[in-house]
Amino acid sequence: QVQLVESGGGLVQAGGSLRLSCAASGSILSINTMAWHRQAPGKQRELVATITSGGSTNFADSVKGRFTISRDNAKNTVYLQMNNLKPEATAVYYCNANVLYGYYRLSTDYWGQGTQVTVSS
């Protein structure tokens, strides 16, 4: 079993910054791609940023230049640094990891429980 636990959400004024963390634990051999998604009220969940095990990153157009994603493979942790936040960034942020596990080296996606980010105008 694998668990992902997010932290770092909260309330911030527009223009401010927040750093989200997501730590994976459990029966992990290795972690492939890790990602952050978000879901605003009444909207579909959307992909915010991804990072491969080798460190290659991709971002949604709406956050390019303001958000960065990084990971610490030794700690099985992914981070999302969010700068110059805008009110439209208000959402529940979820981390996601594609985890390799078990004797047969199977992989599956796991999700965290989400952390609320609220940006006031």
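Residues numbered from 1 in each chain as written. Predicted model: local features only at pLDDT ≥ 70, side-chain atom pairs only at ≥ 80, totals over all residues. Heavy atoms only, no water.

Caption draft 1: The packing of aromatic side chains, seen in detail. Scanning the entire structure with this criterion turns up one aromatic pair. Geometrically, the ring pair formed by Y103 and Y104 is edge-to-face, given 5.0 Å between the ring centres and 90 degrees between the ring planes. Like Y104, Y103 is exposed. Seen from the ring of Y94, R45 lies directly overhead, with NZ or CZ sitting 3.8 Å from the centre. A cation sits over an aromatic face here: R45 above W111, 4.9 Å from the ring centre. (Phe/Tyr/Trp six-rings, centres within 6.5 Å; stacked < 30°, edge-to-face > 60°. Buried < 20%, exposed > 50% of the residue type's maximum accessible area, 1.4 Å probe, protein only. Lys NZ or Arg CZ within 6 Å of the ring centre and 35° of its normal.)

Caption draft 2: Seen up close, the nonpolar core. Core analysis: the biggest nonpolar cluster contains 32 residues, and W36, L80, M82 and Y93 have the highest contact counts within it. Secondary structure elements with two or more residues in this core: β1 (2-7), β3 (18-26), β4 (30-39), β5 (46-51), β7 (67-72), β8 (77-82), β9 (91-101) and β11 (115-120). With five residues, β9 is the single largest residue contributor to this core. Beyond its immediate chain neighbours, meaning those up to four positions away, Y93 contacts E6, L20, W36, H37, R38, V48, F67, L80, M82, G114, T115 and V117. (Core = buried A, V, L, I, M, F, W, Y, C linked by side-chain atoms within 4.5 Å. Helix = DSSP H or I, 4+ residues; strand = E, 2+ residues; numbered from the N terminus. Contact = heavy atoms within 4.5 Å.)

Caption draft 3: Quick peek at the pattern of salt bridges. In the structure shown here, the tally under the stated rule is two salt bridges. For the salt bridge of R38 with E46, the shortest nitrogen-to-oxygen distance reads 2.6 Å. On the basis of relative accessible area, R38 is assigned to the buried category, the value being 8%. Notably, a salt bridge pairs K64 with D61, separated by 3.1 Å at the nearest N-O pair. Judged by its relative accessible area of 65%, D61 is exposed. (Salt bridge = Lys/Arg side-chain N within 4 Å of Asp/Glu carboxyl O.)

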